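Coordinate analysis (summary)
Here is how the chains run, residue by residue.
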Amino acid sequence: MFTGIITGVGRIAAVRNLGSSSSHGKRLSIAAPPGYLDDVGLGDSIALNGACMTVTSLDPAQQQFTIDISAESLDKTAGLAEESASVNLEKALRASDRLGGHIVSGHVDGIGRVTRFAPVGESCELRILAPQALARFLAYKGSITVNGVSLTVNTVTDNAEGSEISINLIPHTVENTSLGTLKEGSAVNLEIDTVARYVERMLQAGALPVPQKDSTP
């Protein structure tokens, strides 16, 4: 479990194939910020750009760790096999930690595409086209995770391709995450709000009443 509050920005130092076919995954070596791995052990969970991964080896002297990512995970995420790419890092939530963002599972629900990233005043506007399948989970002032970062949706515009959402990024977020490297056309990992996921399931199962339109003239 995570909160979407990034605790460090790492770099994919190396990408190695775990086999010779497309059904095999890859082993990634991640360079972490100084001191980041001091409290990390083998088997710990760290989210990379919003995708929960397991630490398979540690090299504290080089400030690096490795993770193994399956072909399935590679197919359902973006930016996790690009050598030298920056990645947002977040260690798993502890019971005593503050929930500074929102509840994040570290499971990517879909890949969005950046349609605009430009300065607006002291901040930046980030617009993302989310897949059609995620449209019903997106709401004004609702939460969404973009490459592991907990953010608030400012606007939602539905169209034939999906839903375009607008997000305001303050300077601190741009400077302390890898979101500052995004540009129009960039692919991003999206995770919908956990609460929205359960509400949708309850509505499907008939556990919640569906509001009826008033037919009174």
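Description of the structure in this document. Just so you know, these numbers come straight off a predicted model, no measurement behind them.

1. Here we look at the overall build of the chain
- In terms of regular secondary structure, the chain is built from 3 helices and 12 strands.
- For 217 residues, the compact-globule estimate of 2.2 N^0.38 gives 17 Å, and the chain sits close to it at 19 Å.
- Over its C-alpha atoms, taken along the principal directions, the chain stretches across nearly 75 × 45 × 40 Å.
- Counting the 217 residues in the chain, one finds 41% classified as buried.
- Sequence separation of at least 24 residues holds for 67% of the intrachain contacts in the chain that already meet a minimum separation of 6.
- Accessible area for the chain stands at about 11,600 Å²; split by element, carbon and sulfur atoms hold 51% of it.
- For the chain, the distance from the average site of its 17 positive side-chain charges to the average site of its 23 negative ones is 2 Å.

2. Considerations on helix α3 (residues 194-205)
- Over its 12 residues, α3 extends 17 Å from the first C-alpha to the last, a length consistent with the 16 Å expected when each residue adds 1.5 Å.
- Note on α3: the residue one or two positions beyond its end, Gly206, has a positive phi of about 80 degrees.

3. Description of the pairing of strand β4 (residues 51-59)
- Sheet topology note: the strand β3 (residues 45-48)/β4 ladder contains 4 bridges and is antiparallel. Bridge pairing links Ile46 to Met53 in β4.
- The loop that links β3 with its antiparallel partner β4 comprises 2 residues; one of these, Asn49, has a positive phi angle of about 50 degrees.
- As paired elements, β4 and strand β5 (residues 64-69) share 4 bridges and run antiparallel to each other.

4. Here's the deal with the sheet that holds β4
- Spatially, 6 strands are ordered β1-β2-β5-β4-β3-β6 in a closed barrel, and the strand pairing comes out antiparallel. Averaged over all neighbouring strand pairs, the angle between strand axes comes to 45 degrees, with direction disregarded.
- Relative to strand β6 (residues 86-91), β3 is paired through 3 bridges, and the arrangement is antiparallel. Directly across from Leu48, in β6, lies its bridge partner Leu89.

5. Notes on the pattern of salt bridges
- Evaluated as defined, the whole model comprises 10 salt bridges.
- For Asp39, the salt bridge identified is with Arg94, shortest N-O distance 3.5 Å. Of this pair, Asp39 sits in the loop between β2 (26-31) and β3 while Arg94 sits in the loop between β6 and β7 (110-120), and the two are 55 residues apart along the sequence.
- Residue class for Arg94 comes out partly exposed when judged on its relative accessible area of 48%.
- Glu125 is paired through a salt bridge with Arg116; the nearest N and O atoms lie 2.7 Å apart.

6. Quick word on the nonpolar core
- Ranked by size, the top nonpolar core spans 22 residues in total, and within it Ile128, Ile144, Val146, Ile167 and Leu190 carry the most contacts.
- Put simply, the parts of the chain that give this core at least two residues each are β8 (123-131), β9 (143-146), β10 (149-159), β11 (162-169) and β12 (187-192).
- At 4 residues, the largest contribution of residues to this core is made by β8.
- Excluding its chain neighbours within four sequence positions, the residues that come into contact with Ile144 are His102, Leu138, Val149, Ser150, Leu151, Val153, Ile165, Ile167, Leu190 and Glu191.
- Within the second largest apolar cluster, 20 residues are counted, among which are Ile30, Ala85, Leu89 and Val108.

7. What to know about unusual backbone geometry
- Positive phi values are uncommon outside glycine, yet Ser84 reaches one of about 80 degrees.
- In this fold, Ser84 is placed in the loop between α1 (71-75) and β6.
- Positive phi is not limited to glycine here, since Lys141 has a value of about 65 degrees.
- With respect to the secondary-structure elements, Lys141 resides in the loop between β8 and β9.

8. A word on the sheet that holds β9
- In space, the 6 strands of this closed barrel follow the order β7-β8-β11-β10-β9-β12, with antiparallel pairing throughout. Strand-to-strand twist of the sheet, defined as the mean angle between neighbouring strand axes without regard to direction, takes the value 45 degrees.
- The sheet contact formed by β7 and β12 spans 4 bridges and is antiparallel. Looking across to β12, one finds that Gly112 is bridged to Val188.

The rules behind the values
Residues numbered from 1 in each chain as written. Predicted model: local features only at pLDDT ≥ 70, side-chain atom pairs only at ≥ 80, totals over all residues. Heavy atoms only, no water. Helix = DSSP H or I, 4+ residues; strand = E, 2+ residues; numbered from the N terminus. Rg over C-alpha atoms; globule rule 2.2 N^0.38 Å. Buried < 20%, exposed > 50% of the residue type's maximum accessible area, 1.4 Å probe, protein only. Contact = heavy atoms within 4.5 Å. Areas by Shrake-Rupley, 256 points an atom, 1.4 Å probe, with all protein chains shown as cover. Lys, Arg positive; Asp, Glu negative; His and termini not counted. Charge placed at Lys NZ, Arg CZ, Asp CG, Glu CD. Expected span 1.5 Å × (residues − 1). Pairing = 2+ DSSP bridges. Axes fitted to C-alpha atoms, helices over the stretch in contact; angles between N-to-C directions. Salt bridge = Lys/Arg side-chain N within 4 Å of Asp/Glu carboxyl O. Core = buried A, V, L, I, M, F, W, Y, C linked by side-chain atoms within 4.5 Å.

The analysis is restricted to geometry; functional conclusions fall outside its scope.
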